[in-house]
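# Tertiary structure, described
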Protein chains: 2
Amino acid sequence: MTSNLINLFSLNVSSGIPIYRQLIDQIKQAIRMNLLNEGEQLPSVRNLASALQVNPMTISKAFTQLEIEGVLIRKRGVGMLVAEQQNTSISKQLESSLIQFIQTARKQNLSDDEINTIVQQYLSLHSKGKSQ
Amino acid sequence: MTSNLINLFSLNVSSGIPIYRQLIDQIKQAIRMNLLNEGEQLPSVRNLASALQVNPMTISKAFTQLEIEGVLIRKRGVGMLVAEQQNTSISKQLESSLIQFIQTARKQNLSDDEINTIVQQYLSLHSKGKSQ
DNA sequence: GTAGGTGTATTATTATATTAATACACCAAT
DNA sequence: ATTGGTGTATTAATATAATAATACACCTAC
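Parameters and conventions
Residues numbered from 1 in each chain as written. Chains lettered and ligands numbered in written order. Predicted model: local features only at pLDDT ≥ 70, side-chain atom pairs only at ≥ 80, totals over all residues. Heavy atoms only, no water. Near = heavy atom within 4 Å. Polar contact = N/O pair within 3.5 Å; in protein donor to acceptor, adjacent residues only side chain to side chain. Helix = DSSP H or I, 4+ residues; strand = E, 2+ residues; numbered from the N terminus. Salt bridge = Lys/Arg side-chain N within 4 Å of Asp/Glu carboxyl O. Buried < 20%, exposed > 50% of the residue type's maximum accessible area, 1.4 Å probe, protein only. Expected span 1.5 Å × (residues − 1). Contact = heavy atoms within 4.5 Å. Buried area = accessible area lost by both parts, 1.4 Å probe.

Within the structure, DNA strand C sits among 22 residues, and Val 45 and Arg 46 of chain A together with Ile 19, Tyr 20 and Asn 55 of chain B are positioned closest to it. Here, DNA strand C places atoms within 4 Å of the protein, and 63% of those atoms are sugar or phosphate. Between Val 45 of chain A and DNA strand C, the recorded distance is 2.7 Å, taken from a backbone N or O atom to a phosphate oxygen. Note that a phosphate oxygen of DNA strand C is positioned 3.3 Å from one of the side-chain N or O atoms of Thr 58 of chain B. Secondary structure elements with two or more residues in the surface near DNA strand C: helix H3 (45-52) and helix H4 (56-68) of chain A together with helix H2 (19-32) and helix H4 (56-68) of chain B.

See below:
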């Protein structure tokens, strides 16, 4: 049942990126790619923990964060479900703003590396992690 | 001399944001606003440390990071100078399209890593000379 | 209510990041 | 070479974040 869903996720313990954050990103990614759809149930905390060889609380931490962000819905005693995704419409918006940016950058003869650098600089400049 | 430059910076020790990072951001901001210009010398580590009531090494850490990023130039025995700014001169149009994109992405709760990934995906997907 | 599944609050442990103390290296001018 | 300025490598102390252990609470089906 859920075992094939487990294959969506793969953790890199020695990457320096916290496990719970890798999981958060991968779940979001899976939802964005429609590998996980609205109403679908995620693998249980214990299943995931066992399959990925980490502590259940680490999984739970990721789930909790995703519930706070409105990505998942917590059903106690049942499991975590994928929430309604407002993203589809916003995704178009995101895509169009990205294309707009890349086209502008290309018109100025910026290389891909330069574009990446600029994005990274702005991300760190405009503070990360916490809202500002 | 440099004392008025010191007034550019103000730290919030209880904000949760690391001191050295606050300083990094504020120095970059000052450069972007032309309050600090190319070749200009920053207040010394000890001056800043004393004025801002923090350890000199904390200031030095910020300086080192900015040197790595190419924002400042280290002159040993002399001081830190503002480097030539290549990135500040990107066009307003490019900047605004980038900000637009990042804001949209952040509204979707995308992490910095995810944003970078998406940009890279689009760059290779829509790369100039290549098919696919 | 019991059994067997779900997630989690609390606490402790461990790892990492941040800050600070100290002693040192570099440079320019004398 | 000495003085007085610059930044920093190394180390230690501290604060914060991430992970894990345990015991618990919730829900459904029986």
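Moving on, we get to the pattern of salt bridges. It is possible for side chains bearing opposite charge to pair when their charged atoms get close. Summed over the entire model, instances satisfying the criterion amount to six salt bridges over all chains. Between Glu 67 of chain A and Arg 74 of chain A there is a salt bridge; the shortest N-O distance is 3.9 Å. Judged by relative accessible area, Glu 67 of chain A falls into the partly exposed class, the value being 28%. A salt bridge links Asp 112 of chain B to Arg 106 of chain B, with the shortest nitrogen-to-oxygen separation between them at 2.9 Å. Taking the relative accessible area as the measure of exposure, Asp 112 of chain B reaches 15% and is therefore buried.

Residue and element names in this part refer to chain B. Between its first and last C-alpha atoms H2 spans 20 Å; for 14 residues at 1.5 Å apiece the expected length is 20 Å, and the two agree. Taken as a whole, H2 has its buried residues at Gln 22, Leu 23, Ile 24, Asp 25, Ile 27, Lys 28, Ala 30 and Ile 31. The first or second residue beyond H2 is Asn 34, which carries a positive phi of 60°.

Attention shifts here to the interface of chain B and chain A. Contacts between chain B and chain A engage 38 residues on the former and 39 residues on the latter. Counting each side, the surface lost to burial between chain B and chain A is near 3800 Å², with a carbon and sulfur contribution of 59%. Contact with chain A buries surface across chain B, with Leu 94, Gln 108 and Leu 123 of chain B losing the most and accounting together for 16% of the total. Across the contact surface, chain B and chain A share zero salt bridges. The interface formed by chain B and chain A includes zero residue pairs in polar contact (both at pLDDT 80 or more). Breaking the side of chain B that touches chain A down by element, the ones donating at least two residues are H2, helix H5 (92-107) and helix H6 (112-125) of chain B.

Geometry only, nothing functional implied.
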